[in-house]
Amino acid sequence: MEPGNQTSISEFLLLGFSQDSEHQPILFGLFLSMFVVTMLGNLLIILAVTSDSHLHTPMYFFLSNLSFADICFTSTTIPKMLVNIQTQSKSISYAGCITQMYFFMVFGVMDTCLLTVMAYDRFVAICHPLHYPVIMNPRLCVLLVLMSWFISLTYSLIQSLLMLRLSFCTKLVISHFYCELVQALMLACSDTLINYILQYVVTGLLGIVPFSGILFSYIRIVSSILRIPSADGKYKAFSTCASHLTVVSLFYVTGLGVYLSSDASSWQGMIASVMYIVVTPMLNPFIYSLRNRDIKRALKKVLGRILCVQ
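Predicted, not measured: the structure shown is a model, and the values here were computed from it.

**Student:** Let's hear about unusual backbone geometry: which residues, and what values?
**Tutor:** Phi at Gln88 takes a positive value of approximately 55°, unusual for a residue other than glycine. Within the secondary structure, Gln88 is located in the loop between helix 3 (78–87) and strand 2 (91–93). The class of Gln88 is exposed, set by a relative accessible area of 71%.

Written out as structure tokens, the structure is:
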């Protein structure tokens, strides 16, 4: 390939799932429905938490932030894909591609940080219940969320700035439905060593450190639950963190499916990406509200108010 000047780059091509025109309406309907369910479900969680004073606790504060991050995470990729399907276009501008990468990384890392913070919250609630109000005070809760934003924004900004210094070859085709960082790096004609080092070292740290924190929290949580004498007490303690544990498992299993895939452009890699980007954020509101009476009660109030207004 002939190297091209970076200033002459106007767009990338996103091949997506299928180039068969017969499959486009099915894909459009499927992803549009999942996108709408994701938006509505997470918006309802945010409205329920903000409107019900009984839910103004650290756990639900973090949950509402997670719902906001999930909304933004899904919105970075799916709307553009839907527009491309509808217009039968596969292009995304160079600036649009870099912007999509940036926000994809911001909210992906934000999800990881928030799930870690929520694990710590459950650890304090179960292992140190008497000190919980003192430890998880409003100031610390806000500080933990701000730290999550700082880590997410800083990492994503560095990655994006390093992408801007690269020059690309003439064939700017990405075999995916969004601007996937590693595939974009493979198209570069200039030296990408620093990019790859940052990608694998820092991304590895952002995966290993939070996961280790979550794992440590749940080892201590399980240890504390096993020391509870009554079966009813054990069930109540475990039920307070069952939803979070389910969401964490789903997030990390689908995330590993994406980043450990041998070929991210294969069908398996793209399906793993859909599970990670769309399905997990779509299921999170259902997982948290399925067996949570407080959320159910708040959601009924919110839906009641909406219906009354109409």
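**Student:** Residue-level account of the nonpolar core, with values.
**Tutor:** Formed by 71 residues in total, the largest nonpolar core has its most connected members in Phe31 and Phe177. A total of 15 residues in this core trace back to one element, the largest contributor, which is helix 4 (residues 94–127). Within the second largest apolar cluster, 23 residues are counted, among which are Phe12, Met105, Ile174 and Leu206.

**Student:** How would you summarise the pairing of strand 1 (residues 11–14) if you had to cite specific residues and measurements?
**Tutor:** The alternating pattern of strand 1 places Phe12 and Leu14 on a buried face and Glu11 and Leu13 on a face that is not buried. In this structure, strand 1 lies alongside strand 2, joined through 3 bridges in antiparallel fashion. Paired with Leu13 across the bridge in strand 2 is Ser91. For strand 1 and strand 3 (residues 173–174), the ladder comprises 2 bridges, and the chain directions are parallel. Bridged to Leu13 within strand 3 is Val173.

**Student:** Can you explain empty space enclosed by the protein? Please cite residues and give values.
**Tutor:** Taken as a whole, this structure holds 1 cavity of 30 Å³ or more when the rule is applied. Taken together, Leu66, Asp70, Asp111, Leu115, Val247, Phe251, Thr280 and Asn284 form the lining of the largest cavity. Looking at the lining of the largest cavity, the elements with two or more residues in it are helix 2 (58–75), helix 4, helix 9 (231–259) and helix 10 (267–290). Along the lines of polarity and charge, the residues of the lining of the largest cavity split into 4 nonpolar, 2 polar and 2 charged.

**Student:** Any details on the packing of helix 1 (residues 24–51) against helix 2? Residues and values, ideally.
**Tutor:** For the pair helix 1 and helix 2, the least separation of the axes is 9 Å and the interaxial angle reads 155°. With respect to helix 2, the axis of helix 1 lies roughly antiparallel. Along this stretch, helix 1 crosses helix 2, giving a crossing that reads as left-handed. Only Tyr60, Leu63, Ser64, Ser67, Phe68, Asp70, Ile71, Thr74 and Ser75 of helix 2 make contact with helix 1, whose side of the interface consists of Phe35, Thr38, Met39, Asn42, Leu43, Ile45, Ile46 and Val49. Among the residues forming the contact of helix 1 with helix 2, the class breakdown is 10 nonpolar, 6 polar and 1 charged.

**Student:** Lay out the packing of aromatic side chains with the relevant residues and their values.
**Tutor:** Each aromatic ring pair is summarised here by two numbers: the centre-to-centre distance and the angle between the ring planes. Applying the stated criterion across every chain yields a total of 19 aromatic pairs. Ring centres of Phe107 and Trp149 lie 6.0 Å apart, and the angle between their planes is 85°; this geometry places the pair in the edge-to-face category. Linking Phe107 in helix 4 with Trp149 in helix 6 (residues 138–164), this pair joins segments that are 42 residues apart in sequence. When the centroid spacing of 5.4 Å and the interplanar angle of 45° are considered together, the rings of Phe251 and Tyr276 count as tilted. With a gap of 25 residues between them, Phe251 in helix 9 and Tyr276 in helix 10 connect regions that are remote in the sequence. When sorted by exposure, Phe251 lands in the same class as Tyr276, which is buried.

**Student:** Residues and numbers for the layout of surface pockets, please.
**Tutor:** Of the pockets and cavities examined, the second largest pocket occupies roughly 680 Å³. Every residue lining the second largest pocket is counted, 22 residues in all, and those nearest its centre are Ser239, Thr240, Ser243, Arg291 and Asn292. For the lining of the second largest pocket, the secondary-structure elements that each account for two or more residues are helix 2, helix 4, helix 9, helix 10 and helix 11 (293–309). Among the elements that line the lining of the second largest pocket, the one with the most residues is helix 9, at 8 residues. In terms of residue class, the lining of the second largest pocket is built from 10 nonpolar, 6 polar and 6 charged.

**Student:** Mind laying out the state of the cysteines, listing which residues take part and the relevant values?
**Tutor:** All told, the structure shown has 1 disulfide when counted by the stated rule. The disulfide bridge from Cys97 ends at Cys179, spanning 2.1 Å between sulfur atoms. In this structure the cystine formed by Cys97 and Cys179 twists about its S-S bond by roughly -130°; its chirality is therefore left-handed. Note that Cys97 is positioned in helix 4 and Cys179 in the loop between strand 3 and helix 7 (181–186), a separation of 82 residues in sequence. This pair shows no difference in class: Cys97 is buried, exactly as Cys179 is. Cysteine Cys72 remains unbridged, with the sulfur of Cys113 as its closest cysteine sulfur at 15 Å. On the basis of relative accessibility, which here comes to 15%, the residue Cys72 falls in the buried class. Sulfur of Cys127: no disulfide; nearest cysteine sulfur belongs to Cys241 and is 9.3 Å away.

Rules and cut-offs
Residues numbered from 1 in each chain as written. Predicted model: local features only at pLDDT ≥ 70, side-chain atom pairs only at ≥ 80, totals over all residues. Heavy atoms only, no water. Helix = DSSP H or I, 4+ residues; strand = E, 2+ residues; numbered from the N terminus. Buried < 20%, exposed > 50% of the residue type's maximum accessible area, 1.4 Å probe, protein only. Core = buried A, V, L, I, M, F, W, Y, C linked by side-chain atoms within 4.5 Å. Pairing = 2+ DSSP bridges. 1 Å grid on protein atoms, 1.4 Å probe; cavity = no way out; pocket = protein on both sides within 12 Å on 5 of 7 lines; lining within 4 Å. Points joined across faces, edges and corners; volume = space filled by probe spheres on them. Nonpolar A, V, L, I, M, F, W, Y, C, P; charged D, E, K, R; others polar. Axes fitted to C-alpha atoms, helices over the stretch in contact; angles between N-to-C directions. Parallel < 35°, antiparallel > 145°, perpendicular 65-115°, else oblique. Left-handed = near helix turned anticlockwise from the far one by under 90°. Contact = heavy atoms within 4.5 Å. Phe/Tyr/Trp six-rings, centres within 6.5 Å; stacked < 30°, edge-to-face > 60°. Disulfide = S-S within 2.5 Å.

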